[in-house]
Amino acid sequence: MKGTVTDDGRPRRRDGPRLSTPVLVLAGILVTVLVVALDLSTGTAVRLFPLLIFLPAIVSGLGEVWQTVLASLWVILVEIVLGLYIGAETDDILLAAGFMVVFGTLSALGCGYRVRREEEVSRLRSAAAALQRLIVRPLPLRTADVVVNGLYQPVEEDAMVGGDMYEVAASRHGTRVLIADVQGKGLPAIGTALAVLGSFREAAYREPTLTGVVAALENSVVRQNAFAAQTGEPERLVTALVLDIGREPVVEAVNCGHIAPFVIRDGAVTQVDLGDPAVPLGLAALSSTPRKGARFTFPAGATMLLCTDGVTEARDPRGAFYPLEARLRAYARAPSGGLAARLETDLRDFTRAAPRDDVAILTLRRTEPSP
């Protein structure tokens, strides 16, 4: 069927519940037996078997078109056989069968419309997710200072995809790393992400200071919000963490409302204290305090982990948040190259569902010095 695979050949996932054939057959038989048994037990005063007419309508909301047609044919067959068994008039049997044909046809048409709409929505979401994947470069990334690995999983549910992003830029000032999350979802959020990434890629090479890089990002968000206001879109803020990593073991960071990094060394896990975070990008005009950099130690042999709130705000079925720091302690001695994959698997096991928000996890290790 057209639209059942993505451009890269992967099966396309449609929204909504799927009705498997064994479930359809079993449910159809059980419902039929129940209705027919009740009909025969009540005698001729009240006939209940016409209620089977609703079976194709139920299938049309859950299954495929051919399943709806199959359910309609089954109900027609049952009505004819049962009508003959109870001695109903031929005209009544034909009338009931004809009515079922009309109702079954309408159910199949409605099912076809629903399936086409689901495929259209799925194509739009997959296209948006593919665009989002093209925004960020595939991992791992390597500079003279660090090797950046991890995973990036844009979600394709609910209100379209979100605006999580990351970038690594090797400049004459050192390696600049960005991880950020745009408020909201959908293509407008991706537009803001593109603006921030473009600004970072330029400013990381141009600006001698990390606060200068952040100021450029702030200006890009302000300009994007001004354009959004002209087109009727809501203004968006961006939480971001920007790092400056050189050959020295000390790293500079500017935290704009983002999750502070974790440093893993010798089996110990520490979330870096960067002080009070600054306001997110796009809100600098509302703050009287300028953004400042903070420094922390990131020695050789240690692993730094960065993530977005798709990790920290994930919840289990009881509403508990994902205990990231505790999980990191459990995986602290695992190879850093597989740490992000372990967390992603554990996150799915914890939530017992597919991610409801974008998930970006970066692991950073210093490169080995050249001999």
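Model, not experiment: these values are computed from the prediction.

(A) Broad picture of the overall build of the protein chain. Helix and strand counts for the protein chain come out as 9 helices and 11 strands. Taking all contacts inside the protein chain whose residues are at least 6 apart in sequence as the whole, residues at least 24 apart take part in 70%. Surface exposure of the protein chain reaches about 18900 Å², of which carbon and sulfur atoms provide 61%.

(B) Quick look at unusual backbone geometry. The omega angle of the peptide bond from leucine 139 to proline 140 is 5 degrees, so this bond is cis rather than trans. With respect to the helices and strands, proline 140 occurs in the loop between helix 4 (90-135) and strand 1 (141-142). Look at aspartate 266: it is not a glycine, yet its phi comes out positive at around 55 degrees. Here aspartate 266 lies in the loop between strand 7 (262-265) and strand 8 (268-271).

(C) Here's a closer look at the confidence of the model for the protein chain. Averaged over every residue, the pLDDT of the protein chain is 83; residues scoring 70 or more account for 85%. Here residues 1-16 scores under 50 on pLDDT; set against residues more than four positions off or in separate chains, the count is 33 contacts.

(D) Broad picture of the side chain of threonine 351. Relative to the helices and strands, threonine 351 resides in helix 9 (residues 336-351). Only 3.5 Å separates the side chain of threonine 351 from the backbone oxygen of arginine 348, close enough to count as a polar contact. Excluding anything up to four places from it in sequence, threonine 351 contacts Ala314, Arg315, Asp316 and Pro317.

(E) Layout of the packing of aromatic side chains. Under the definition given, this model contains 2 aromatic pairs. Summarising the aromatic geometry, the rings of tyrosine 152 and tyrosine 166 are spaced 5.8 Å apart at their centres and angled 75 degrees between planes, so their arrangement reads as edge-to-face. Here tyrosine 152 is found in strand 2 (residues 146-153), whereas its partner tyrosine 166 is found in strand 3 (residues 162-171), with 14 residues between them in sequence. You'll find tyrosine 152 and tyrosine 166 in the same group, each marked buried. A centroid spacing of 5.3 Å and a plane angle of 75 degrees characterise the contact between tyrosine 322 and phenylalanine 350, whose relative ring orientation is edge-to-face. Note that tyrosine 322 is positioned in the loop between helix 7 (309-312) and helix 8 (324-330) and phenylalanine 350 in helix 9, a separation of 28 residues in sequence. One exposure class covers both tyrosine 322 and phenylalanine 350, and it is buried.

How each quantity is defined
Residues numbered from 1 in each chain as written. Predicted model: local features only at pLDDT ≥ 70, side-chain atom pairs only at ≥ 80, totals over all residues. Heavy atoms only, no water. Helix = DSSP H or I, 4+ residues; strand = E, 2+ residues; numbered from the N terminus. Contact = heavy atoms within 4.5 Å. Areas by Shrake-Rupley, 256 points an atom, 1.4 Å probe, with all protein chains shown as cover. pLDDT = per-residue confidence, 0-100. Polar contact = N/O pair within 3.5 Å; in protein donor to acceptor, adjacent residues only side chain to side chain. Phe/Tyr/Trp six-rings, centres within 6.5 Å; stacked < 30°, edge-to-face > 60°. Buried < 20%, exposed > 50% of the residue type's maximum accessible area, 1.4 Å probe, protein only.

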